[in-house]
Structure formats: C-alpha cells, structure tokens
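Chain residues, written in single-letter form:
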Amino acid sequence: MYEVHISEKPPRRLAALPHTGSFEEIGATFGQTCQLLEERGQLGRAGCMIGVYWDNPILVPPGGLHSHAGIDSPADRAVDPPLEEVRLSGGRHAVLRYKGPYSGLGSAYRYLFANWLP
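Reading the values: the criteria
- Residues numbered from 1 in each chain as written.
- Predicted model: local features only at pLDDT ≥ 70, side-chain atom pairs only at ≥ 80, totals over all residues.
- Heavy atoms only, no water.
- Phe/Tyr/Trp six-rings, centres within 6.5 Å; stacked < 30°, edge-to-face > 60°.
- Helix = DSSP H or I, 4+ residues; strand = E, 2+ residues; numbered from the N terminus.
- Buried < 20%, exposed > 50% of the residue type's maximum accessible area, 1.4 Å probe, protein only.

Trainee: Teacher, can you tell me more about the packing of aromatic side chains here?
Mentor: The geometry of an aromatic ring pair is captured by two quantities: the separation of the ring centres and the angle between the planes. Applying the stated criterion to the full structure yields five aromatic pairs. On the numbers, 5.5 Å between centres and 55° between planes, the contact of Tyr2 with Tyr111 is tilted. A residue pair is termed long-range when its members are at least 10 positions apart, and Tyr2 in the segment before strand E1 (4-9) and Tyr111 in helix H2 (residues 105-116) qualify at 109 residues. For the pair formed by Tyr2 and Tyr111, the shared burial category is buried. Between Phe23 and Tyr109, the ring centres sit 5.4 Å apart and the planes meet at 50°, which makes this aromatic pair tilted. One end of the pair, Phe23, is in the loop between strand E2 (12-20) and helix H1 (27-39); the other, Tyr109, is in helix H2, with 86 residues separating them in the sequence.

Remember that the coordinates give geometry; whether it matters functionally is a separate question.
Here you go:
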C-alpha cells in the first residue's frame, strides 16, 4: 500500500513547537512554527519541515497523542521559547513518505505500525 525503505539519516536539530492531539491537526502548529521563525527573521535559513510523532496512534487515543512540528535548524541558530530544540539521532531509519491531506495520515501510520513494522 505504501512504500517503506531503510535509509541512513544524519542527525538533525529542529526548532519546534509541541502539538498535543490528533496528528491530523498538526498543520496549524506547523503554521505557528513558521510564523515565529518568520517574525524572528530566521525562516530564510530554515531547512525542511519535519513532523516528529512520539506516540503510536493505534495504541493512544487522538486526544493524548504527542508530536512536534519542527523546522530543520542550523547549529548556530538560537532556539528561543516558545520554540523547543528537538534533536533527532542519525542512523538507520524506516522511511514512509506520505503525500496527501492530513486526514490520510492515520491510514499511513496504521500501515507502518500494524503491517510493515511487524
């Protein structure tokens, strides 16, 4: 259904805002992250947008899901509140690239965790 591959990824440092609730609703939090960086004159040097989803949506109800809406950030840039620094380890990662509306994220997560990962 979805293509998943293993890829070596470098460590990443994100400037991010926390999001609690449905993963499908993280879009507004990404908007807030971008707005803060724009107001600080830092969006021009920003890297790609990265969502970090800490919980398994099969096991955790939507209201209890935790994630971060982050932007790849250079090491020399300060990450000041309310933004949080989130560090992602490098190494081997399972990568599922999903393209589509946020409403389809649940299906992609279910496939990754329930079908592909086992």
